[in-house]
Amino acid sequence: QVQLVESGGGLVQAGGSLRLSCTAAGRTFNNVYVAWFRQAPGKEREFVAGVGANAYTTYADSVKSRFTVSRDNAKNTVYLQMNSLKPEDTAVYYCAVPKLLATMDSNDYTYWGQGTQVTVSS
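Since the structure is predicted, the reported quantities are computational estimates derived from the model, not experimental observations.

S.K.: Give a detailed account of the packing of aromatic side chains, specifying residues and quantitative values.
M.R.: This model, assessed by the stated rule, comprises five aromatic pairs. Each ring, one from F37 and one from W112, has its centre 5.1 Å from the other, and the planes form 55 degrees; the classification is tilted. Note that F37 is positioned in strand β4 (residues 34-39) and W112 in strand β10 (residues 109-112), a separation of 75 residues in sequence. Residue F37 is classed as buried on the basis of its relative accessible area of 0%. For W112, a relative accessible area of 25% translates into the label partly exposed. Considering the side-chain rings of Y94 and W112, the 6.1 Å spacing of their centres and the 85 degrees angle between planes classify their relative orientation as edge-to-face. Of this pair, Y94 sits in strand β9 (residues 91-98) while W112 is found in strand β10, placing the two residues 18 residues apart along the sequence. One aromatic cluster in this structure is built from F37, F47, Y94, Y109 and W112. The cationic tip of R45 hangs over the ring face of Y94; the distance from NZ or CZ to the ring centre is 3.9 Å.

Quick look at the structure:
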């Protein structure tokens, strides 16, 4: 069982930055793939970025060059640095760990945090 906790969301103006954090309560997740998803009102949950145990990263096209995913194993934490934020980035952001394969499909993910709201004003 993996309990994930996100933090760092908030309200920011367009062009601003936020850094989200995801920690695992009760166990280390240094050797697993961790992904960030987001869900805007009325929309499907979508993949944002992911980082493997070897620090290999993957990004959705919509966030490439603006967002950076990283991990600090000493702190058992995965980060999502979000720069040049746009109103269309407004969503609830979730971190997640897959059951088996690291994919961009939310259905392949078993463990989810409670989410943190990011709101970007224009």
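S.K.: Break down the pairing of β4 for me, citing the residues and quoting the values.
M.R.: Side-chain direction in a regular strand flips from residue to residue, so the side chains alternate between the two faces of the sheet. Burial of β4 is extensive: five of the six residues sit out of reach of the surface. In terms of strand pairing, β4 meets β9 through five bridges, oriented antiparallel. Paired with Q39 across the bridge in β9 is V92.

S.K.: Tell me about the environment of E44, residues and numbers included.
M.R.: Structurally, E44 is set in the loop between β4 and β5 (46-51). Distance from E44 to S106, taken between C-alpha atoms, is 9.6 Å for residues 62 residues apart in sequence. In contact with E44, not counting residues within four places along its chain, are R38 and Q39.

S.K.: Describe the side chain of T116, naming the residues involved and giving the relevant values.
M.R.: One can find T116 in strand β11 (residues 116-121). If near-sequence neighbours (up to four positions away) are discounted, T116 is found in contact with E6, S7, G8, G9, L20, A91, V92 and Y93.

S.K.: I'd like to hear about the state of the cysteines, residue by residue, with values.
M.R.: Simply put, disulfide is the name for a covalent bond between the sulfur atoms of two cysteines. Scanning all chains against the criterion turns up one disulfide. What pairs with C22 in a disulfide is C95, and their sulfur atoms sit 2.1 Å apart. With the S-S bond torsion at 70 degrees, the cross-link from C22 to C95 turns out right-handed. Of the two residues, C22 is situated in strand β3 (residues 18-25) and C95 in strand β9; the sequence distance between them amounts to 73 residues. You can call C22 buried: its relative accessible area is 0%. By relative accessible area, which is 0% here, C95 ends up buried.

S.K.: How would you summarise the pattern of salt bridges if you had to cite specific residues and measurements?
M.R.: Tallying each qualifying case throughout the model produces four salt bridges. A salt bridge links D61 to K64; the nearest nitrogen and oxygen atoms lie 3.3 Å apart. Several salt bridges share partner residues, and in doing so they unite R38, E46, R66 and D89 into one network.

Here is what the cut-offs are and how they apply
- Each residue is numbered by its place in its chain's sequence as written, counting from 1.
- pLDDT decides what is reported in this predicted model: residues at 70 or higher carry local features, side-chain atom pairs at 80 or more are listed and counted, and totals for whole chains, interfaces and linings draw on all residues regardless.
- As a rule here, side-chain values come from all non-hydrogen atoms in the structure, and water together with hydrogens is ignored.
- Each Phe, Tyr or Trp ring, with Trp reduced to its six-membered ring, pairs with another whose centre is within 6.5 Å; inter-plane angles below 30 degrees give stacked pairs, above 60 give edge-to-face pairs, and intermediate values give tilted ones.
- Helix numbers and strand numbers start at the N terminus; a helix is a DSSP run of H or I with at least 4 residues, a strand a run of E with at least 2.
- Think of it in three bands: residues with accessible area under 20% of the maximum for their type are buried, residues over 50% are exposed, and the middle band is partly exposed, with areas taken using a 1.4 Å probe on protein chains only.
- Our definition puts a charge over a ring when NZ of Lys or CZ of Arg is within 6 Å of the ring centre and also within 35 degrees of the ring normal.
- Between any two strands, pairing holds if DSSP finds at least two bridges.
- Contacts are assigned to residue pairs with any non-hydrogen atoms lying within 4.5 Å of each other.
- Criterion for a disulfide: a pair of cysteine sulfur atoms at a distance within 2.5 Å.
- Note on definitions: salt bridges are taken to be side-chain nitrogens of Lys or Arg within 4 Å of carboxyl oxygens of Asp or Glu.

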